[in-house]
Structure formats: structure tokens, C-alpha cells
Amino acid sequence: MVTQEIFGRLDGRDIPLLTLSDGPVSVELIPLGAAVRAIRVPDREGRPVDVCLGYDTPAEYRDWNSALGGTLGRCANRIGGARFTVGGTEYRLTANEGANTLHGGAEGFHKKLWSYDAGEDSVTFSLDSPDGDEGFPGNLHAEVTYTLRSGVLTLAYRASCDHDTVVNLSNHTYFNLAGHDAGSIAGHRVTLGAGRYTPSGAGNVPTGEIAPVDGTPLDLRRGAMLEERLGDPFLAATRGYDHNFVLDGGELAAAEVCWPATGIALEVRTTLEGMQFYTSGFLTDRPGKGGARYGRASGLCLETQHFPDAVNHPAFPSPVLRAGEEYRQTTSWRFFVK
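These remarks concern the structure in this document. (Residues numbered from 1 in each chain as written. Predicted model: local features only at pLDDT ≥ 70, side-chain atom pairs only at ≥ 80, totals over all residues. Heavy atoms only, no water.)

Concerning the overall build of the protein chain
When helices and strands are tallied, the protein chain shows one helix and 29 strands. Its C-alpha atoms give the protein chain a radius of gyration of 19 Å, within 12% of the compact-globule value 20 Å for 338 residues. Taking the principal axes of its C-alpha atoms as reference, the protein chain extends roughly 60 × 50 × 35 Å. Every one of the 338 residues in the protein chain was classed for burial, and the buried ones make up 59%. Within the protein chain, contacts between residues at least 6 apart in sequence are counted, and of these 65% link residues at least 24 apart. Of the roughly 13200 Å² that the protein chain leaves accessible, carbon and sulfur atoms contribute 47%. (Helix = DSSP H or I, 4+ residues; strand = E, 2+ residues; numbered from the N terminus. Rg over C-alpha atoms; globule rule 2.2 N^0.38 Å. Buried < 20%, exposed > 50% of the residue type's maximum accessible area, 1.4 Å probe, protein only. Contact = heavy atoms within 4.5 Å. Areas by Shrake-Rupley, 256 points an atom, 1.4 Å probe, with all protein chains shown as cover.)

Structure (C-alpha cells):
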């Protein structure tokens, strides 16, 4: 079931709040950034817990950084040097993180107002990005459909363009399974289905290498409590986890996260080959929903994606979308109790 109400006003326009409901699970969405604002799931005792960080007003989604809950594009994560070459032509992008482009540039998709269409148990957001938007070539049409069924929220991405371009759509929801206002995520147990990662250099841009996680705190294949790992010197430069993992794929889940105290758990599956695991080490102090305060280590992100800067590394799977072809990728979040 999908219901609608007014979330607030921005630049003289009403911004709707769309709520997907399925039994005890509900998900709030807004067209500003095609963002996830809230996810309420039952704990072991049946009590509803909102496990998604968010804001109370549309202006906060526009004005604060960090893209809480937003859809990232045209290209999630980083493009080194804010440039790439496709078909022999170099394209220069907006540099919005030092010399690099992060999450699509200064006005990435998470800052834009999407159109929407509500179905019986789904909402489809759509956006047209013109040729030259943040420096990217081609007129791009992008869609993301959120569908909630049996405790599973599926995010289905589609895109097409009239020119060869780069597309890498993702979602930047910050999860805290103890509750969005619970503070630190250190008490979470995390398991990642990834035996390799892409090491990074300056600006957290990949070097082009693919390395094993063995012997590092990035080895989360058997699961670990974050409180046992976040202080490791290996993670000092990124203030915790902020790494792209090369997913093993197959029947393995990309990730499983659990808050043992209440049993709330999340399983992530995806058609994509990479996932940025980020423990919000650079999230600055800010207001959150209902008077909460968010800051460093208040949430964790599981950003399924093509590898960062993949367009500049021929050995990585290509993020290039050819004119006339269609981009299709899917990620699902299954909420359950352990």
C-alpha cells in the first residue's frame, strides 16, 4: 500500500511524503533526491524501530551534505581528477571534492527533484539529466523503483542515454539498526561477502589494484563487531570503513548487518559488482529527525555500485553506458529478526 501526504515546502512547491506499507514494515520516500527518509521495522519484541537516518524538512535535504537516503548519480562515488575519456573525447566534470568529482558533482541526483508515479506497492521516481549536466555527456533518463513486499525493499535502477556516457546509480541511506537516534553504530555486527577490495590513494580514489582482504580489518567474511574494528590503525585515514569491496557474488549476500540487542537484521543483495561500506567517519554534527543529533559513526552505508573511478581503470568492470543501450541494476534490502 502507498499513501501520500505533504512533507513540507521548498521554493514555493509542496514536497510529498510517500509511504510504502507492508504489514509491520513501512518505508517513507520523498522525491527530493528520490530519497529514503525512514524505514520502520519490528524488533524481537514486535516494537517498531526507525532504522534510517533522515531530516524533518525538505530544505535540510537540499542544504546539508552527505546525501542522507538519496539516490546517487550520474556517477556514485569518485571520479579521479574530475575527468574521463570515452570514445576518444575527454570530458571535464565539476570537481566538488578537492580535485575529484564525488556523487555526480555539486548538484548530483540526490539534490534534484524527481518526478514520481505511485503504484500499489511501489513508487517509481524518474529524472531527466540534460547533456552537459555537471560535465557528463548525453541526455540521460534515469529511474529508480522502490518496491516493498514481505519485508524486502527492492531498488530497481534503469537508465538510457542518447550518447555514450558514464552511469553508476546507488543509494546513500545511513542505517542504524538500533534506531536512527541511538548514537554510535559500534555495537553492530557486520558480515560482508567480499574477499577482495580496491585499495585507494590520495583522495580515496582507487589505484587500480584489486587486493585480498586477508590479514586486514577489511576481512569481514566471518562477521565482526564494529567496536572491535573501528579503532584499527589500518582504518585511521578513513576514520573507520570507507572502502569499496569487490563482491564475491553468486548465492552469497553482499552484506548482513545485525543489532544483537534487539535482533533487528538487514541482508543486502545486488546485481552490482561492488559495494562501498562506509561507517560515517566524516559525517559532521547535524540535526536529525525528531530532535535527534547525528555525527561521526551515527550510521553505516552499504552503497552497491560499480567500482569508484572505474571509467579511468580499464581493468575494472566498465561503467560506460552506450547510446541506445539500457542500464539495469537491482539491489534489495531484506529486514528480519535474528
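Things to note about the pairing of strand β22 (residues 255–259)
Counting buried positions along β22 gives four out of five residues, so the element sits mostly inside the fold. Examined bridge by bridge, strand β17 (residues 189–192) and β22 share four bridges and lie antiparallel to one another. Opposite V190, over in β22, you have V257 as the bridge partner. Judged from the five bridges that link them, β22 and strand β23 (residues 264–270) form a sheet pairing that is antiparallel. What sits directly across from E256, in β23, is E267. (Pairing = 2+ DSSP bridges.)

Let's talk about the pattern of salt bridges
Enumeration over the complete set of coordinates arrives at 22 salt bridges. For R92, the salt bridge identified is with E90, shortest N-O distance 3.1 Å. Where R158 meets E326, a salt bridge forms, and the shortest distance between an N and an O atom there is 2.7 Å. Of the two residues, R158 is situated in strand β14 (residues 152–161) and E326 in strand β29 (residues 326–337); the sequence distance between them amounts to 168 residues. Through salt bridges with shared partners, one network takes in E28, R37, R40 and D56. (Salt bridge = Lys/Arg side-chain N within 4 Å of Asp/Glu carboxyl O.)

As for the sheet that holds strand β27 (residues 301–305)
Within the open sheet, the five strands sit side by side as β19-β18-β21-β24-β27. Their pairing is antiparallel. Of all the strands in the sheet, just β19 (211–212) and β27 have a single pairing partner and so form its edges. Pairing of strand β21 (residues 242–246) with strand β24 (residues 274–278), which is carried by five bridges, proceeds in the antiparallel orientation. Its bridge partner lying in β24, F245 is registered against M275.

Remarks on the environment of L302
With respect to the helices and strands, the residue L302 is situated in strand β27. Among the residues examined, L302 registers a relative accessible area of 3% and is labelled buried. For L302 and M275, which are 27 residues apart along the polypeptide, the C-alpha to C-alpha distance reads 6.3 Å. With residues near it in sequence (within four places) discarded, L302 still touches F175, A255, V257, L266, V268, M275, Q276 and F277.

Quick look at the environment of F84
Here F84 shows up in strand β8 (residues 83–86). Overall, the relative accessible area of 1% leaves F84 in the buried class.

These values are about where atoms sit, not about what they do.
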